[in-house]
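Each chain, written out:
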Amino acid sequence: MREAYVIDSVRTPVGKRGGSLAAVHPADLGAAALRGLMGRTDLDPVAVDDVVFGCCDTIGPQAGNIARTSWLAAGYPESVPGVTVDRQCGSSQQAITFGAQAIMSGTSEIIVAGGIQNMSAIPISAAMLAGQAYGFDSPFVGAQGWDHRYGTGEVSQFNSAHMIAEKWDISRVDMEEWALRSNERARKAIVDGRFDREIVPVGDFWIDECPRETTMEKMAGLKPLAEGSRVTAALASQISDGAAATLLASDWAVQEYGLTPRARIHHVSARGADPIYMLTAPIPATKWALEKTGLTIDDMDVIEINEAFASVVLAWIKETGANPDKVNVNGGAIALGHPLGATGAKLFASLLNELERVNGRYGLLTICEGGGTANVTIIERLG
């Protein structure tokens, strides 16, 4: 099997809901990430074999294969195809996986993988609700096989976060402490310039605008998302807008085009778990990845796990034994936002840059996903 090398990885700054990126067409947002990525190399864009982008709620301006539309909106060759992936919150992480697998298999030499989401323009779950006009209340209920197996009860990430907190005995205070840490870490990372290398601007916008200045007292005063729940809005990822892109290359392409790899893809995989609990799959997925590679969680120098909710991360830490000081060290989605289809590639860029900053060797990325699945990517820094 051939190696898949990471040449570069970038992201746009993340805009809050209704913020600096709200009026940017999704294709132009994707194009900003693509131009930022390709502008860092002398590689002729015509050499790219495929553009693989993640995106959720692909309706309206995000429909019609946003990967292809973004590439063309960036002004790049029509000869390069594109494809859009939907693995819910892990969509762009899966895009990177597909790109790496194409290179490892020998069917491609250069892949651009990433993702885009404008949640201000197309609200979360818009695609799931679109079926109501045609008589379908949800994508699940009404399917005989689904109803027989899982019933007709609520299928909700909010309910999942609550159930996880209860099952793993994670208190509201525990989650608020993690949320506070996430915001504090994110604000410090911005001040210290830790994101500067990975961010490409969109016009004049170049600084993440989601981190909050909060306190334990402020969070304690918030109402829960549902009666009897331990989960509040402060303990959830933020609705946001953004895009990200990564350049992957084979060993042949590295030599042929004089590219300088920053890392190599060490492992990619995905696993599933209970779709009603929904957000627990990073636990078995991480265990599977470590077993397959022969590595341990302590071998990971940097870890990014998407903060869909604080309970997800804290349950994962309990089960894996990960050192919290290595997890989301520059803040997570609670502070920095979760632009669904772009988050995997966004976190990949942050993982790569932080791994270089701390002079580490291995970095792990995992994301919980709707439907009860999770991806794991492990990279090895070079040099």
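Let us look at the structure shown here. (Residues numbered from 1 in each chain as written. Predicted model: local features only at pLDDT ≥ 70, side-chain atom pairs only at ≥ 80, totals over all residues. Heavy atoms only, no water.)

Turning to the packing of aromatic side chains, a few remarks are in order. Inspection of every chain in the model, using the stated rule, returns five aromatic pairs. Taking the centre distance of 4.6 Å and the plane angle of 45 degrees together, the rings of Trp146 and Tyr150 count as tilted. With Trp146 and Tyr150 both in helix 5 (residues 144-150) and four residues apart, the pair spans about one turn of that helix. Through pairs of rings, three or more aromatic residues link up here, namely Phe140, Trp146 and Tyr150. Between Lys167 and the ring centre of Tyr277, over which it is positioned, the NZ or CZ distance is 5.1 Å. We note Arg271 situated over the ring of Trp288; from NZ or CZ to the ring centre the distance is 3.7 Å. (Phe/Tyr/Trp six-rings, centres within 6.5 Å; stacked < 30°, edge-to-face > 60°. Helix = DSSP H or I, 4+ residues; strand = E, 2+ residues; numbered from the N terminus. Lys NZ or Arg CZ within 6 Å of the ring centre and 35° of its normal.)

Structurally, Ser9 is set in strand 1 (residues 4-11). Taking relative accessible area as the criterion, Ser9 reaches 0% and is therefore assigned buried. For Ser9, the contacting residues outside a window of four places in its chain are Leu37, Glu198, Ala245, Thr246, Arg262, Ala345, Phe348, Ala349, Leu352 and Asn353. (Buried < 20%, exposed > 50% of the residue type's maximum accessible area, 1.4 Å probe, protein only. Contact = heavy atoms within 4.5 Å.)

Within helix 6 (residues 157-167), burial applies to Ser160, Ala161, His162, Met163, Ile164 and Ala165. Of the surrounding secondary structure, the elements contacted by the buried residues of helix 6 are helix 7 (172-191) and helix 11 (310-320). Between a side-chain oxygen at the N-terminus of helix 6 and the backbone nitrogen of Phe158 the separation is 3.0 Å; the capping residue is Ser156. Downstream of helix 6 by a residue or two, Asp169 has a phi angle that is positive, lying close to 50 degrees. (Polar contact = N/O pair within 3.5 Å; in protein donor to acceptor, adjacent residues only side chain to side chain.)

If you look at the biggest cluster of nonpolar residues, it comprises 44 residues, and the most contacted ones within it are Met300, Trp316 and Val327. Elements that contribute at least two residues to this core include exactly helix 6, helix 7, helix 10 (282-293), strand 8 (300-305), helix 11, strand 9 (362-369) and strand 10 (373-381). A total of seven residues in this core trace back to one element, the largest contributor, which is helix 11. Among all residues touching Met300, those that are not within four sequence positions of it are Leu290, Leu295, Lys326, Tyr362, Gly363, Leu364 and Ile378. In terms of nonpolar packing, the next biggest core, distinct from the first, is built from 38 residues, Val10, Leu43, Phe53 and Ile116 among them. (Core = buried A, V, L, I, M, F, W, Y, C linked by side-chain atoms within 4.5 Å.)

Here the focus is the environment of Arg187. When you line up the elements, Arg187 lands in helix 7. Taking the C-alpha atoms as reference points, Arg187 and Glu209, separated by 22 residues in sequence, lie 9.7 Å from one another. Excluding residues within four positions of it along the chain, Arg187 makes contact with Pro211, Arg212, Glu213 and Thr214. Within polar-contact distance, the side chain of Arg187 engages the backbone oxygen of Arg212 at 2.5 Å.

Positive phi is not limited to glycine here, since Gln88 has a value of about 55 degrees. Along the polypeptide, Gln88 turns up in the loop between strand 4 (82-85) and helix 3 (91-105). The backbone of Asn328 sits at a positive phi, close to 50 degrees, despite the residue not being glycine. By the secondary structure assignment, Asn328 is in the loop between helix 11 and helix 12 (333-336).

Working note: a packed helix pair is described by the angle between its axes plus the distance between those axes. The interhelical angle for the contact between helix 3 and helix 13 (residues 340-357), taken along N-to-C directions, is 60 degrees, at an axis separation of 4 Å. Along the contact surface, helix 3 presents Ser91, Ser92, Gln93 and Ile96, while helix 13 presents Gly341, Ala342, Thr343, Gly344, Ala345 and Phe348. Across the contact of helix 3 with helix 13, the residue classes break down as four nonpolar, six polar and no charged. (Axes fitted to C-alpha atoms, helices over the stretch in contact; angles between N-to-C directions. Nonpolar A, V, L, I, M, F, W, Y, C, P; charged D, E, K, R; others polar.)

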